[in-house]
Amino acid sequence: MAVIIDGKALAKKMQSAIAAEVAQLQAKYGRPPGLAVLMVGDNPASAAYVKNKETACLRAGITSFGKHFPASVTQSELEQVIDQLNADDRVDGILIQLPLPENLDAIALLNRLAPEKDADGLHPNNLGKLVRGEDGLRSCTPAGVMELLAEAKIDIAGKNAVVIGRSILVGKPVALMLLEKNATVTIVHSRTKNLAEITSKADILIAAIGRPEMITADMVKPDAVVIDVGINRVTDDAGKSRLVGDVDYAGVSAVASHITPVPGGVGPMTVTMLLHNTVCSYRRKFIQ
Ligand SMILES: NC(=O)c1ccc[n+]([C@@H]2O[C@H](COP(=O)([O-])OP(=O)(O)OC[C@H]3O[C@@H](n4cnc5c(N)ncnc54)[C@H](OP(=O)(O)O)[C@@H]3O)[C@@H](O)[C@H]2O)c1
Ligand SMILES: Nc1nc(=O)c2c([nH]1)NC[C@@H]1CN(c3ccc(C(=O)N[C@@H](CCC(=O)O)C(=O)O)cc3)CN21
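Residues numbered from 1 in each chain as written. Chains lettered and ligands numbered in written order. Predicted model: local features only at pLDDT ≥ 70, side-chain atom pairs only at ≥ 80, totals over all residues. Heavy atoms only, no water.

S.K.: Would you take a moment to explain the layout of surface pockets for this structure?
M.R.: It is a probe the size of a water molecule, rolled over the atoms, that shows where empty space is left. Taken as a whole, the second largest pocket encloses approximately 420 Å³ of empty space. Taken together, 19 residues line the second largest pocket, and the ones lying closest to its centre are G136, R138, A143, E147 and M273. Elements that contribute at least two residues to the lining of the second largest pocket include exactly α6 (140–151), α7 (171–180) and α10 (266–286). By residue number, the principal contributor to the lining of the second largest pocket is α10, which donates five residues. A class-by-class count of the residues in the lining of the second largest pocket yields eight nonpolar, four polar and seven charged. (1 Å grid on protein atoms, 1.4 Å probe; cavity = no way out; pocket = protein on both sides within 12 Å on 5 of 7 lines; lining within 4 Å. Points joined across faces, edges and corners; volume = space filled by probe spheres on them. Helix = DSSP H or I, 4+ residues; strand = E, 2+ residues; numbered from the N terminus. Nonpolar A, V, L, I, M, F, W, Y, C, P; charged D, E, K, R; others polar.)

In structure tokens form, the structure reads like this:
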């Protein structure tokens, strides 16, 4: 049976360290760090994120400026809100929840963020720094995945890492971070042929697909490290709603050497890295 990489436990440990640092910084600089999250519509994965993020901010002493808009909000209304938040001295981090409804231009909104407040590292300046291997604000979920691999003491250099998914939010940045740690990285996606043949050669398999329990034991190499990024809400036979990942946890945990559960794996680490990025931006404002 696979070792469970406990994201909830690591998140708890890191969030208490962040809370202690926030208390010190606030005493010194006179105001708490602030994080603004823009959410449009009612995506179920986004709703889970918002709830956990707000609790974590409260515990860490970070002020939340949550803004929830109906799906009918316009591009120019959101642009105005971003401009206000960019100019607001109480706000250190801004996050735009993805995906946005199709009528909105997400890229244009991400481009409008002040890069130094871009808490999810999705502004072109920050993505460019990641490509070049420079320090900068990095996407929270991929950064959380890397923290989980480090905590479990997984050797990355020279390993075959396969990332399923190529989104700007998860797949592409996590592939770059694995490459930075000297993995041999393959990215697969919906147009890939022979997907199972490629995934079954992975020493490290990262699933960021958005398809409930798609990765089954026959697609996984024995003793692989499996990180499940997926957050999918499904209704079981008894009519009860629950969260599942992109990996068939019961089947895959019988063949993998390490696995992250859903819930309790990557999700809590995403929240943690969001707090981390917000505090980094705050610190950078006061300490050059
Ligand atoms: N745990 C967390 O903190 C966290 C954070 C962010 C997202 N998530 C979850 O992670 C999942 C992925 O999120 P995302 O934002 O990256 O999603 P996304 O933008 O929808 O991207 C999904 C990727 O998976 C690929 N894909 C879809 N179906 C496939 C198939 N049958 N075979 C192979 N590849 C396939 C897509 O390929 P194409 O590019 O060819 O379409 C795309 O690249 C979702 O469940 C999301 O809720 C979790
Ligand atoms: N810009 C942006 N960045 C993101 O990281 C992001 C989005 N947008 N949009 C939504 C997705 C989904 N995300 C999530 C979803 C759930 C948790 C989370 O904390 N999940 C808990 C359980 C939640 C519950 O039980 O309600 C977990 O243990 O997995 C975190 C991030 C982050 N995501």
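S.K.: Just to check I follow, could you spell out the confidence of the model for the protein for this structure?
M.R.: Predicted coordinates in regions of low pLDDT should not be interpreted in detail. Across the protein, pLDDT averages 96, with 100% of residues at or above 70. Here the predicted complex carries an ipTM of 0.99, next to a pTM of 0.98. (pLDDT = per-residue confidence, 0-100.)

S.K.: When you look at α7 in this model, what are you seeing that I'm missing?
M.R.: Counting along an α-helix, one turn takes 3.6 residues, and residues three or four places apart therefore face a common direction. Buried within α7 we find G171, P173, V174, A175, M177 and L178. One or two residues past the end of α7 sits N182, with phi positive at roughly 70 degrees. (Buried < 20%, exposed > 50% of the residue type's maximum accessible area, 1.4 Å probe, protein only.)

S.K.: Got a minute to help me understand the UniProt feature "domain: Tetrahydrofolate dehydrogenase/cyclohydrolase catalytic" (unreviewed entry) in the protein in this structure?
M.R.: Annotation from UniProt places "domain: Tetrahydrofolate dehydrogenase/cyclohydrolase catalytic" (unreviewed entry) at residues 5–120. Here residues 5–120 runs as 52% helix and 16% strand, with 23 Å between its end C-alpha atoms. (UniProt positions renumbered as here; feature names shortened; annotations may be inferred.)

S.K.: Help me understand the pairing of strand β5 (residues 160–164) in this model?
M.R.: When you tally the buried positions in β5, you get four out of five residues, the bulk of the element. Of the strand pairs in this sheet, β5 and strand β7 (residues 204–207) are connected by four bridges, and their pairing is parallel. Each residue of the ladder has a partner; that of V162, found in β7, is L205. (Pairing = 2+ DSSP bridges.)

S.K.: Help me understand the sheet that holds strand β2 (residues 34–40), please; the structure alone is not making it clear to me.
M.R.: Within a sheet, adjacent strands bond to each other through the backbone by hydrogen bonds, running parallel or antiparallel. Pairing in this open sheet of three strands is parallel, and the strands run β3-β2-β4 from one edge to the other. The open sheet has two free edges, formed respectively by β3 (63–69) and β4 (93–96), since each of these has just one partner strand. The average undirected angle you get between the axes of adjacent strands in this sheet is 15 degrees. Of the pairings in the sheet, the one linking β2 to β3 comprises seven bridges and is parallel in character. Note on β3: the bridge partner recorded for L38 is K67. Those strands touched by helix α3 (residues 75–87) are β2, β3 and β4, and its axis lies near 175 degrees from that of β2. (Axes fitted to C-alpha atoms, helices over the stretch in contact; angles between N-to-C directions. Contact = heavy atoms within 4.5 Å.)

S.K.: Looking at this structure, I do not really get the site of ligand 2. What am I missing?
M.R.: Close to ligand 2 lie 20 residues; N52, I96, L98, D120 and G264 are nearest. Separating an oxygen atom of ligand 2 from a side-chain N or O atom of K51 is a distance of 3.4 Å. Within the backbone of G264, an N or O atom sits 2.6 Å from an oxygen atom of ligand 2. Isolated, ligand 2 exposes 680 Å² of accessible area, and the fraction of that covered by the protein chains is 88%. Those elements that place two or more of their residues in the shell around ligand 2 are α2 (44–60) and α10. Per-element accounting of the shell around ligand 2 gives the leading share, six residues, to α2. (Near = heavy atom within 4 Å. Polar contact = N/O pair within 3.5 Å; in protein donor to acceptor, adjacent residues only side chain to side chain. Areas by Shrake-Rupley, 256 points an atom, 1.4 Å probe, with all protein chains shown as cover.)

S.K.: Whenever I open this one, the sheet that holds β7 confuses me. Can you help?
M.R.: Strand order in this open sheet of six strands is β1-β11-β8-β7-β5-β6, and the pairing throughout is parallel. Edge positions in the sheet fall to β1 (3–4) and β6 (184–188), since each has one partner strand and no second. The pairing of β5 with β6 spans five bridges and is parallel. Opposite N160, over in β6, you have T184 as the bridge partner. Contacting β5, β6 and β7, α7 crosses the sheet at an angle of about 170 degrees to β5.

S.K.: For this particular structure, what's the right way to read the UniProt feature "binding site: NADP(+)" (unreviewed entry) in the protein?
M.R.: The UniProt entry lists G165, R166, S167 and I231 under the feature "binding site: NADP(+)" (unreviewed entry), expressed in the numbering used here. Take R166: it is sitting in the loop between β5 and α7. Owing to a relative accessible area of 42%, R166 belongs among the partly exposed residues under this scheme. When near neighbours in sequence (up to four residues on either side) are disregarded, R166 contacts G171, K172, I187, H189 and R191. A distance of 3.3 Å separates polar atoms of two side chains, one belonging to R166 and the other to H189. Within the secondary structure layout, I231 lies in the loop between β8 (225–228) and β9 (232–235). By relative accessible area, I231 is classed as partly exposed at 32%. Not counting residues up to four positions away in its chain, the partners in contact with I231 are A45, L243, V244 and V262.

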